[in-house]
Amino acid sequence: MFSDIAQYFRTESLPHIWCPGCGNGTVTAALVRAIKNLQLEQNNVVIVSGIGCSSRMSGYLDFNTQHTTHGRALAFATGIKLAKPELDVFVVMGDGDCAAIGGNHLIHAARRNIDLTALVINNGIYGMTGGQSSPLTPHDRRATTMPFGNLERSFDLVELAKAAGATYGARATAYHNQLLTKLLIDAYNNHGFSLVEAVAQCPVSYGRRNQFQTPAAMVMWQKEHGIKVGQHSISGEDFYIGEIFRAEAAEFCAEYDRLRQRLQEDMPNG
Amino acid sequence: MSEARLMQGNEACAAGAIAAGARFFAGYPITPSSEIAEFMAEQLPRLGGTFIQMEDEIASMAAVIGASLAGVKSLTATSGPGFSLKQENLGYAAATEVPCVIINVQRGGPSTGLPTSPAQGDVMQARWGTHGDHPIIVLSPATVQESYELVITAFNLAEEFRVPVILLLDEVVGHLRERVNLPATVQIVNRKKPEVPPERFSPYGDDHGMIPPMANFGAGYRHHVTGLVHDVNGMPTVNPALVTKFLLRLNHKLDPYLAKISLYEQILLEDAEVIVLAYGCTARAALEAVYLARSSGIKAGLFRPITLWPFPEAAFVPRQNIPIIVPEMNCGQLVGEVVKIAGRHNVYSLSRIDGELITPTQISAKISEVISRV
Ligand SMILES: Cc1ncc(C[n+]2csc(CCOP(=O)(O)OP(=O)(O)O)c2C)c(N)n1
């Protein structure tokens, strides 16, 4: 199963740090399959990640990879993409990384509509630090810092990206990983800021505290609650999967390049 | 042909950066540094470069590092509160050895402090503002001409030694207008690229000495960049031997090159019976005070560190028991470094923190007072 994509991994960096049953591996494979399917030149691909369990993904992949600081991956990626727009830049973040500490960078990357493909692995918890609540922890669910159940409401990141000006937004799960690959391909092909949320299980820091007996039970929860867009309305912990929105807007690097051209044309002779 | 122009300090910084080959600027507006961003916004797109106003200083620092990894010489400029926000990613640049330049036009602090008043309160923050032991280079210009020149030096040092370089400007130098001689050509240093084929490339190896060659993203040398402690291949490690090896190289990588990095100026020191050690705009008042003292028969001299960090220790060898006065617009920061070298006994701090400049008469009065005591 792995051999079809082994060439994209730094196999010497394995084993990975993820716990047994974690969804990060499935999401990683979905991303790599998208890159393979797109036939992107390995030397031209950049994977930028933040800090968290999910963000360790960049180290395992054989591309130009950067593991940055907590929440700031999109800001680093903005610099890379603007400096060298011909690079194919993917940004991998956890839900806490992207929605809490990095929330401001998310809305501004979306507002600029810069051509980055952002993948947020949403396990609904801070995995790396041991299970504290995140802005995407579902209401009433337990976390070490919400020991009596989450009092806060959770974000819908895809809607947030849409409101901020992103031009592509989609969601899938570790269970729906073939769909995830397809959505990542579409996201890459969108010339602008794209956000794909991948709902994934964290059996150790989330599942144990929230009555999931096994990782498989969490994957079944994804199957049950992930509702295809247009299928039927959602309630409770349900969420939509599939392509959620698509829009047209000028892409930032291209806009900037048009400015350069214009100024060069305006330049007086001599 | 060289050209002379009347320029503002901040403008000279921008011009120097462009002359040094910088083609990427990311920043966030803050007084008294904003003119640097404004000049860059106007100039960079004409030169095929990129200016971006980010959502905050954290993002600006991140974007600068990203652009440098992609192979473009990059800088940011900020002040006070913004410099505080840059610290985490500044440490990241030090740990990952990404060349970049940060201009900090100092203003009165702490906190929002005195936004439009001069101060030299960021000397220690520039050295130790980010967490953990790390290398850093900090330069302090005294004039507009020197601001132009030192930005070029900053880029050259950053590229040669793969280290973030901070230009610690004084507000009055940033906003001062002076004549600047722009040379027809400037000497530019570019980062060393790998000469081995990709399969033999180790991005943090020490087989080329203390400063590993750097491969830009997209150049065919796929590798990992992380702020975690890493091995020679850039991969995270907690192996104590490898951790030690990495941190020792990182923290000592500038040592063999200190003569080139630690810049200074000495005036009238040979026969001096009292030394004034001053930097930035304060050194201008100090020089005036030295002349005032000399005219009244006191043999005073000036030592001006241009590089504050690493402090030019090898060059500053004061005679035993000679009094040293350190005027600074803070509660006494660089004076600690002088005490380390000369001992507590002969070192006198002259501090001013009211948002006004230290005047030549203030310093010459201190010289007379100190001389009358010894
Ligand atoms: C500035 C900063 N604050 C806090 C941390 C500690 N920290 C590391 S990972 C993390 C959260 C991880 O959660 P998430 O982003 O959801 O990713 P996951 O580990 O669940 O994949 C935190 C708070 C840090 N590294 N840096």
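Description of the structure in this document. (Residues numbered from 1 in each chain as written. Chains lettered and ligands numbered in written order. Predicted model: local features only at pLDDT ≥ 70, side-chain atom pairs only at ≥ 80, totals over all residues. Heavy atoms only, no water.)

1. So, the overall build of chain A
Of the regular secondary structure elements, chain A holds 10 helices and 8 strands. Taken over the C-alpha trace, chain A has a radius of gyration of 19 Å; the compact-globule value for 270 residues is 18 Å, and the two agree within 12%. Taken over the C-alpha atoms alone, chain A extends approximately 75 × 40 × 35 Å along its principal axes. A buried classification covers 60% of the 270 residues belonging to chain A. The long-range share in chain A, meaning contacts at least 24 apart out of those at least 6 apart in sequence, stands at 68%. (Helix = DSSP H or I, 4+ residues; strand = E, 2+ residues; numbered from the N terminus. Rg over C-alpha atoms; globule rule 2.2 N^0.38 Å. Buried < 20%, exposed > 50% of the residue type's maximum accessible area, 1.4 Å probe, protein only. Contact = heavy atoms within 4.5 Å.)

2. Overview of the nonpolar core
Residues Phe193 of chain A together with Ile103 and Ile367 of chain B are the most contacted members of the largest nonpolar core, which totals 149 residues. Mapped onto the domain boundaries, this core takes at least three residues apiece from domain 1 (2-183) and domain 2 (264-373) of chain B. Not counting residues up to four positions away in its chain, the partners in contact with Ile367 of chain B are Val274, Val276, Ala289, Ala293, Ile298, Ala300 and Ile325 of chain B. Counting 46 residues, the second-largest nonpolar core is a separate cluster that includes Phe63, Ala172, Leu183 and Phe212 of chain A. (Core = buried A, V, L, I, M, F, W, Y, C linked by side-chain atoms within 4.5 Å. Domains from an automatic or database assignment.)

3. Digging into the sheet that holds strand 3 (residues 88-94) of chain A
As summarised here, the arrangement of the 9 strands in space is 7(A)-8(A)-5(A)-6(A)-4(A)-3(A)-1(A)-2(A)-9(B), forming an open sheet in which the pairing is mixed. Looking along the sheet, the strands with just one partner apiece sit at the ends: strand 7 (226-228) of chain A together with strand 9 (224-226) of chain B. Each strand axis lies, on average, 20° off the axis of its neighbour in the sheet, ignoring direction. When strand 5 (residues 168-173) of chain A meets strand 6 (residues 194-199) of chain A, the two strands line up parallel, connected through 6 bridges. Pairing of Thr173 of chain A across the sheet is with Val199 of chain A, part of strand 6 of chain A. (Pairing = 2+ DSSP bridges. Axes fitted to C-alpha atoms, helices over the stretch in contact; angles between N-to-C directions.)

4. Side note on the sheet that holds strand 2 (residues 24-27) of chain B
Residue and element names in this part refer to chain B. Strand order in this open sheet of 7 strands is 3-2-4-5-7-6-13, and the pairing throughout is mixed. Looking along the sheet, the strands with just one partner apiece sit at the ends: strand 3 (50-53) and strand 13 (307-309). Sheet twist, expressed as the mean angle between neighbouring strand axes with direction ignored, is 20°. Here 2 bridges tie strand 6 (residues 137-139) to strand 13, and the two strands are oriented antiparallel to one another.

5. Considering the packing of aromatic side chains
This model, assessed by the stated rule, comprises 14 aromatic pairs over all chains. A connected cluster of aromatic rings, assembled from ring pairs, spans Tyr206, Phe212, Trp221 and Phe239 of chain A. The ring centre of Trp128 of chain B lies 3.9 Å from the NZ or CZ of Arg127 of chain B, which sits over that ring. (Phe/Tyr/Trp six-rings, centres within 6.5 Å; stacked < 30°, edge-to-face > 60°. Lys NZ or Arg CZ within 6 Å of the ring centre and 35° of its normal.)

6. Here's the deal with unusual backbone geometry
Each neighbour pair has its own omega, and for Leu14 of chain A with Pro15 of chain A the value is 5°, a cis peptide bond. Backbone torsion omega between Trp309 of chain B and Pro310 of chain B reads -10°, so that peptide bond is classified as cis. Within the secondary structure, Pro310 of chain B sits in the loop between strand 13 and strand 14 (324-328). Even without glycine at this site, Asn321 of chain B takes up a positive phi of about 70°. Along the chain, the position of Asn321 of chain B falls in the loop between strand 13 and strand 14. Among the residues examined, Asn321 of chain B registers a relative accessible area of 55% and is labelled exposed.

7. Some points on the interface of chain B and chain A
The interface is formed by 39 residues belonging to chain B together with 38 residues belonging to chain A. Roughly 3,200 Å² of surface becomes buried between chain B and chain A when both sides are summed, with 58% attributable to carbon and sulfur atoms. The largest contributions to the chain B side of the interface with chain A come from Glu55, Phe217 and Arg222 of chain B, which together make up 22% of the buried area. At the surface where chain B touches chain A, the tally comes to 2 salt bridges. Across the pair Glu55 of chain B and Arg112 of chain A runs a salt bridge, and its minimum N-O distance is 2.8 Å. Here chain B is connected to chain A by 22 residue pairs in polar contact (both at pLDDT 80 or more). Of all the secondary-structure elements, those providing two or more residues to the side of chain B that touches chain A are strand 3, helix 3 (57-69), helix 4 (80-96) and strand 9 of chain B. Among the elements that take part in the side of chain B that touches chain A, helix 3 of chain B stands out by supplying 8 residues, more than any other. Of the residues belonging to the side of chain B that touches chain A, the class tally is 21 nonpolar, 13 polar and 5 charged. Strand direction decides the pairing type here: strand 2 (residues 64-67) of chain A and strand 9 of chain B, joined by 3 bridges, are parallel. Within strand 9 of chain B, the residue paired with His67 of chain A across the bridge is Thr226 of chain B. (Buried area = accessible area lost by both parts, 1.4 Å probe. Salt bridge = Lys/Arg side-chain N within 4 Å of Asp/Glu carboxyl O. Polar contact = N/O pair within 3.5 Å; in protein donor to acceptor, adjacent residues only side chain to side chain. Nonpolar A, V, L, I, M, F, W, Y, C, P; charged D, E, K, R; others polar.)

Function cannot be inferred from these measures alone, as they are strictly geometric.
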